[in-house]
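Coordinate analysis (summary)
Given next are the chains, with one letter for each unit.
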Amino acid sequence: MDTQNCSLDLGHLSQQTMGDESLQKQVLSIFIQHMETQMLLLEAVDADLSKIAHGIKGSARGIGAWRVATAAEALEKTGGDRTTAIRLLKETIRTTLAEIATLLEQGQKAD
């Protein structure tokens, strides 16, 4: 995978996990599960979108998913109609999760 165009800052992830590749895989797997849950919560009628966006932003920053963090922050700060901000966040999450899945698959092939 071309890591220059990747939505994930692999250097940051490595730093956060002290270079432990096994831990990186575990953290990325947890992130995928967490984002899948958060995507469902974004659809809830009575969702506290600011709170959900804030949580997504923190999780994304933790692993170096800067585009997701930026999109979550935009939703967090958006007032009024949030339809566009939600759509952009969900698209960014989907793209990032697909890239993470590819990275994890490549890592399994290398093992």
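In short, a report on the structure. (Residues numbered from 1 in each chain as written. Predicted model: local features only at pLDDT ≥ 70, side-chain atom pairs only at ≥ 80, totals over all residues. Heavy atoms only, no water.)

**Let's talk about the overall build of the chain**
Helices and strands together make up the secondary structure of the chain, namely 5 helices and 0 strands. Its helices and strands in sequence order give the chain the pattern α-α-α-α-α, from N to C terminus. Taking 111 residues into account, the globule formula puts the C-alpha radius of gyration at 13 Å, and the chain, at 14 Å, falls close to it. With respect to the principal axes defined by its C-alpha atoms, the chain has extents near 45 × 20 × 20 Å. Looking at the 111 residues of the chain, the share that counts as buried comes to 37%. (Helix = DSSP H or I, 4+ residues; strand = E, 2+ residues; numbered from the N terminus. Rg over C-alpha atoms; globule rule 2.2 N^0.38 Å. Buried < 20%, exposed > 50% of the residue type's maximum accessible area, 1.4 Å probe, protein only.)

**Notes on the pattern of salt bridges**
Enumeration according to the criterion identifies 5 salt bridges in this entry. In this structure, Lys-57 engages Glu-76 in a salt bridge whose closest nitrogen and oxygen atoms are separated by 2.8 Å. With a gap of 19 residues between them, Lys-57 in helix H3 (residues 49-63) and Glu-76 in helix H4 (residues 66-77) connect regions that are remote in the sequence. For Arg-61, the salt bridge is made with Glu-73, and the minimal N-O distance between the two is 3.7 Å. Within this pair, whereas Arg-61 is found in helix H3, its partner Glu-73 is found in helix H4, the two being separated by 12 residues in sequence. The class for Glu-73 is partly exposed, based on a relative accessible area of 22%. One salt-bridge network, held together by shared partners, links Arg-61, Glu-73 and Lys-77. (Salt bridge = Lys/Arg side-chain N within 4 Å of Asp/Glu carboxyl O.)

**Some words on the nonpolar core**
Counting residues in each nonpolar core, the largest one holds 28 residues, and the members touching the most others are Leu-8, Phe-31, Ile-56, Ile-63, Leu-89, Ile-93 and Ile-100. If you list the elements that add at least two residues to this core, you get helix H2 (21-43), H3, H4 and helix H5 (83-110). Here the element with the most residues in this core is H5; it accounts for 8 residues. For Ile-93, the contacting residues outside a window of four places in its chain are Met-35, Met-39, Ile-56 and Val-68. (Core = buried A, V, L, I, M, F, W, Y, C linked by side-chain atoms within 4.5 Å. Contact = heavy atoms within 4.5 Å.)

**Examining H3**
When the terminal C-alpha atoms of H3 are compared, their 21 Å separation across 15 residues agrees well with the 21 Å that a helix rising 1.5 Å per residue should span. Note on H3: the residue one or two positions beyond its end, Gly-64, has a positive phi of about 85°. (Expected span 1.5 Å × (residues − 1).)

**Some remarks on the packing of H2 against H3**
With their axes 11 Å apart at the nearest point, H2 and H3 run at an angle of 165° to one another. Classed by the angle they form, the pair H2 and H3 counts as roughly antiparallel. Here the hand of the crossing between H2 and H3 comes out left-handed. Along the contact surface, H2 presents Val-27, Leu-28, Phe-31, His-34, Met-35, Gln-38, Leu-41 and Leu-42, while H3 presents Leu-49, Ile-52, Gly-55, Ile-56, Ser-59, Ala-60 and Ile-63. Here the residues of the contact of H2 with H3 sort into 11 nonpolar, 4 polar and no charged. (Axes fitted to C-alpha atoms, helices over the stretch in contact; angles between N-to-C directions. Parallel < 35°, antiparallel > 145°, perpendicular 65-115°, else oblique. Left-handed = near helix turned anticlockwise from the far one by under 90°. Nonpolar A, V, L, I, M, F, W, Y, C, P; charged D, E, K, R; others polar.)

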